[in-house]
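Architecture at a glance
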Amino acid sequence: MTPAVIFDMDGVLIDSYEAHFQSWIDLARETGKKFNREDFTWAFGRTSRETVVKYWGSDLSPERVAQLDDRKEELYRVIIADKLPVMPGVMALMDDLHRNGFMMAVGSSGPPENVYVTVDQLGRSRFDAIVTGKDVKKGKPNPEVFLTAAKKLGLEPNHCAVIEDAPAGIAAAKAAGMVAIGLTSTGRTRTELVAADVIVGTLTELNADKIRGLIESRC
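The rules behind these values
- Residues numbered from 1 in each chain as written.
- Predicted model: local features only at pLDDT ≥ 70, side-chain atom pairs only at ≥ 80, totals over all residues.
- Heavy atoms only, no water.
- Buried < 20%, exposed > 50% of the residue type's maximum accessible area, 1.4 Å probe, protein only.
- Helix = DSSP H or I, 4+ residues; strand = E, 2+ residues; numbered from the N terminus.
- Arc of directions from axis to C-beta.
- Contact = heavy atoms within 4.5 Å.
- Polar contact = N/O pair within 3.5 Å; in protein donor to acceptor, adjacent residues only side chain to side chain.
- Phe/Tyr/Trp six-rings, centres within 6.5 Å; stacked < 30°, edge-to-face > 60°.

1. Observations concerning helix 8 (residues 167-175)
Considered for burial, the residues of helix 8 that qualify are Gly 169, Ile 170, Ala 172 and Ala 173. An end-on view of helix 8 places all buried positions within 160° of arc, on one side of the element. Of the surrounding elements, those touching the buried residues of helix 8 are helix 7 (144-153), strand 4 (160-164) and strand 5 (179-183).

See below:
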């Protein structure tokens with residue numbers, strides 16, 4: 001059995017919390033609006049378009065909402081391209097998985113441009129499959145993103161483990177029939193991840209043997 005790990009991106013591969021917050025502040029500054037930490041607490045985990053509508057105005061045209069959404073994501077990419085906020089333990093875990101015959105994928109509902117600016121800095125060749133928001137019609141907690149990743153890997157879902165930091169992502173992994181590993185990250189707590197098969201506080205708590213054991217216990 002060839003096992004695989006599917007990584008969520010935000011909060012798993014990179015700690016993008018502050019970068020997203022800063023990009024909203026930058027957009028607000030450009031457009032004469034105000035945006036603070038309390039606003040971001042509401043926005044965290046929601047789509048950028050939802051945030052634009054709430055804080056920039058529900059009377060905006062769809063075209064203007066899309067324009068502001070695109071600009072926010074562009075500002076975000078500038079921030080992380082300058083210094084990628086890699087999560088502790090990411091590189092060591094990926095190296096260990098590779099040495100032990102795992103396949104690896106990224107399963108993100110984010111814009112492809114955001115995903116690839118991260119993946120390219122981590123090393124695109126490390127990943128056997130990459131799924132972005134452009135590849136799916138339904139976001140998490142729908143399992144489509146992870147089932148699409150498994151299909152691209154050529155594996156059955158029960159041969160895969162997902163590492164996620166969000167409740168919707170955990171629900172999506174479970175709905176896909178995969179092992180769900182919860183990772184606490186900035187803005188996320190263990191309480192939010194109770195549905196996961198196992199919860200860790202850092203990727204350094206994981207290794208190939210542990211993840212293989214979790215997958216085999218489900219097969």
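2. Quick look at the side chain of Ser 48
Note that Ser 48 resides in helix 3 (residues 48-56). For Ser 48, a relative accessible area of 13% translates into the label buried. Here the side chain of Ser 48 touches Glu 73 through a polar contact of 2.6 Å, side chain to side chain.

3. Side note on helix 5 (residues 90-99)
Residues lying three or four places apart along an α-helix face the same way, a consequence of the helix completing one turn every 3.6 residues. Of the residues making up helix 5, those classed as buried are Val 90, Leu 93, Met 94, Asp 96 and Leu 97. For helix 5, the buried positions fall inside an angular range of 160° around the axis, keeping them on one side. For helix 5, the exposed residues lying more than 90 degrees away from the buried face are Ala 92, His 98 and Arg 99. Within two residues after helix 5, Gly 101 carries a phi angle of roughly 80°, on the positive side.

4. A word on the packing of aromatic side chains
Scanning the model with the defined rule gives nine aromatic pairs in all. Aromatic pair Phe 35 and Trp 56: ring centres 6.2 Å apart, planes at 35°, arrangement tilted. In this pair, Phe 35 sits in the loop between helix 1 (17-31) and helix 2 (37-43) while Trp 56 sits in helix 3, placing the two residues 21 residues apart along the sequence. Judged by its relative accessible area of 9%, Phe 35 falls in the buried class. Judged by relative accessible area, Trp 56 falls into the buried class, the value being 7%. Ring geometry for Phe 40 against Phe 44: centres 5.9 Å apart, planes inclined by 50°, an arrangement best described as tilted. Judged by relative accessible area, Phe 44 falls into the partly exposed class, the value being 24%.

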